[in-house]
Amino acid sequence: MRRLGFLQLDPISTVAPPQHLVLWSRLGPWDTAELDRLLWEERKLVEWVAFVYPIEDLPLLKARMRRGGNKGAKDFLAANRAFRRHVLRELEERGPLLGREIEPHGSVDREHHDWWGSRKVGLMLDVLAARGEVAVVGRRGRQRVWDLADRWYPETETIPWPKAQKLIEERRHRALGVRLDRGRLVPHPDAEDGPVPEERVTFLSPFDRLIHDRARTEALWQFFYRLEMYVPPAKRQYGYYVLPILRGDRLVGRIEPVHDRKAGVLRVNGVWWEKGVKPLALDEPLDSLARFLGASRA
């Protein structure tokens, strides 16, 4: 986690949740309970606005929290002052709580919104979390458990935003090794340029930081990659949830594995190799992924 900088959380789990799959790519099969232990018991990691960071980054996160969010969030709070006080009071008196355990408040929960439906507690919690007023302090299944941030976050030094912004950019550059800056590839001074074992083959989550910046991915590897989940099936070039295949330090193809949880089976819908690449045996990474998922291979 310190090397990566952060993990993105997402409910999409066609193969595995992104935060799990990203770590499998690097570690092979691992015990996902370790992530929960580091988050909720040892508190060496912290969850904030759908990302997980090392706890030592909390001063930088707090600097971002103090900025107060975007105009939409500020307008929402200004229009819902009583609702905000209600949510904070519920957590103060009864927390930690799931969002659905917070009591409704007047007419606010009856107003329908095209995106958020008629229950605004989740929206309020997200806005307050971005500002550092509440925090995710655990999970029950996939549901977040909330409490007042002051009761969860430890005391840290206060870093002004300009300094924090520079430190955030420096850490991101170090984690990526190479960044794309105005059309140029700029290596970090600490980036290593040693050989990478060519025999190692793995699959990358679409949310993996190695390829998350699609322009950077194309500039580094001449590998054009897009996630086609939201593309109509007839217009997809490859598949619904396709993972790049990494061999050594080259992106050599794509694969579409699917975890059939009901059957307990890992299936492969398709494999596509880059032009000029000789097809590779993928039994080893597929067996590793199946073990990690607790599945058999189709």
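Each remark here, short or long, concerns the structure printed above.
Before going into details, it helps to say that this report is about the structure given with it.

The rules we used
Residue positions are given per chain, counting from 1 as you read along its sequence in written order. Only residues with pLDDT of at least 70 are given local features in this predicted model, and only at 80 or more are side-chain atom pairs given and counted; all residues enter the totals for whole chains, interfaces and linings. The basis for the side-chain values is all heavy atoms of the structure; hydrogens and waters are excluded. Numbered from the N terminus, helices here are DSSP runs of H or I no shorter than four residues, and strands are runs of E no shorter than two. Only protein chains enter the accessibility calculation, which uses a 1.4 Å probe; a residue is then buried when its area is under 20% of its type maximum, exposed when over 50%, and partly exposed in between. At least two DSSP bridges between two strands are needed for those strands to be called paired. In this analysis, two residues are considered to be in contact whenever any of their non-hydrogen atoms come within 4.5 Å of each other. Only the stretch in contact is used when a helix axis is fitted, and all axes are lines through C-alpha atoms; the angle between N-to-C directions ranges over 0 to 180 degrees. Remark: nonpolar core denotes a set of buried residues (Ala, Val, Leu, Ile, Met, Phe, Trp, Tyr, Cys) joined through side-chain atoms within 4.5 Å. Our angle categories are set so that under 35 degrees counts as roughly parallel, over 145 as roughly antiparallel, 65 to 115 as roughly perpendicular, and the remainder as oblique. For any pair of crossing helices, the crossing counts as left-handed if the nearer helix is rotated counterclockwise from the farther one by less than a right angle, and right-handed if it is rotated clockwise. The classification used treats Ala, Val, Leu, Ile, Met, Phe, Trp, Tyr, Cys and Pro as nonpolar, Asp, Glu, Lys and Arg as charged, and all other residues, Gly among them, as polar. N or O atoms closer than or at 3.5 Å make up a polar contact, with two conditions inside protein: a donor-capable atom paired with an acceptor-capable one, and, for residues adjacent in sequence, both atoms drawn from side chains. Each aromatic pair joins two rings of Phe, Tyr and Trp (for Trp, the six-membered one) with centres within 6.5 Å, and gets the label stacked for planes under 30 degrees apart, edge-to-face for over 60, and tilted for any other angle.

**A closer look at unusual backbone geometry**
Right, on to step 1. In the segment running from G95 into P96, the intervening peptide bond is cis, with an omega of 0°.
Right, on to step 2. Looking at where P96 falls in the secondary structure, it is placed in the loop between α5 (81-94) and β4 (97-98).
Right, on to step 3. For R43, which is not a glycine, the phi torsion comes out positive at approximately 55°.
Right, on to step 4. The phi dihedral of Q222 is positive, around 55°, even though this residue is not glycine.
Right, on to step 5. Of note, Q222 is situated in the loop between α9 (214-221) and β10 (243-247).
Right, on to step 6. Given the relative accessible area of 58%, Q222 is considered exposed.

**A look at the sheet that holds strand β6 (residues 143-148)**
Right, on to step 1. Ordered by their spatial adjacency, 3 strands build an open sheet running β4-β6-β5, and the pairing between neighbours is antiparallel. Only two strands of the sheet have a single partner each, and these edge strands are β4 and β5 (134-140).
Right, on to step 2. As paired strands, β4 and β6 are joined by 2 bridges and run antiparallel to one another. Each bridged residue has a counterpart across the sheet, and for L98 the counterpart in β6 is V145.
Right, on to step 3. Sheet contacts for α5: β4, β5 and β6; angle to β6, the most-contacted strand, approximately 85°.
Right, on to step 4. Relative to β6, helix α6 (residues 121-130) is tilted by about 55°, and along the sheet it contacts β5 and β6.

**Focus on the nonpolar core**
Right, on to step 1. Of all hydrophobic cores here, the largest spans 68 residues; its most connected members are L91, Y153, F203 and L289.
Right, on to step 2. Of all the elements, α6 adds the most residues to this core, at 7 residues.
Right, on to step 3. In this structure, L289 is in contact with V15, L21, W24, F203, P257 and L266, ignoring residues within four places of it in sequence.
Right, on to step 4. Counting residues in each nonpolar core, the second largest holds 7 residues, with L204, F223, Y225 and L251 among its members.

**Looking at the packing of helix α4 (residues 71-79) against α6**
Right, on to step 1. Look at α4 against α6: their axes get within 11 Å of each other, and the N-to-C directions meet at 120°. As summarised for this structure, α4 and α6 are arranged oblique, according to the angle between their axes. You can see that α4 and α6 cross each other, and the crossing is left-handed. In this structure, α4 contributes A73, F76 and L77 to the contact, and α6 contributes L123, M124, V127 and L128.
Right, on to step 2. Per-class residue counts for the contact of α4 with α6 are 7 nonpolar, no polar and no charged.

**Some remarks on the packing of helix α1 (residues 18-27) against helix α10 (residues 283-293)**
Right, on to step 1. At a minimum axis separation of 11 Å, α1 and α10 run at an interaxial angle of 135°. Classified by the interaxial angle, the pair formed by α1 and α10 is oblique. When you trace α1 past α10, the crossing you get is right-handed. Residues H20, L21 and W24 of α1 touch α10, and the partners they reach there are P285, S288, L289 and F292.

**A look at the side chain of D10**
Right, on to step 1. Relative to the helices and strands, D10 resides in the loop between β1 (7-8) and α1.
Right, on to step 2. A distance of 2.9 Å separates a polar side-chain atom of D10 from the backbone nitrogen of I12.

**Focus: the packing of aromatic side chains**
Right, on to step 1. On inspection of all chains with the given rule, the structure shows 8 aromatic pairs.
Right, on to step 2. When the ring of F6 is compared with that of F51, the centres are 5.4 Å apart and the planes differ by 90°; the resulting orientation is edge-to-face. Here F51 lies in strand β3 (residues 51-54) and F6 lies in the segment before β1, a separation of 45 residues in the sequence.
Right, on to step 3. Here the aromatic rings of W40 and W152 are separated by 6.2 Å at their centres, their planes lie at 45°, and the arrangement is tilted. Here W40 is found in helix α2 (residues 33-41), whereas its partner W152 is found in helix α7 (residues 149-152), with 112 residues between them in sequence.
Right, on to step 4. According to the relative accessible area criterion, W40 is buried, its value standing at 18%.

**Quick notes on the sheet that holds strand β9 (residues 201-203)**
Right, on to step 1. Read from one edge to the other, the open sheet built from 5 strands follows the order β9-β10-β11-β12-β13, with strand pairing classed as mixed. What marks the edges here is a single partner per strand, and that holds for β9 and β13 (296-297).
Right, on to step 2. Note that β10 and strand β11 (residues 250-260) share 5 bridges and pair antiparallel. Bridging from a neighbouring strand, I245 pairs with G253 of β11.

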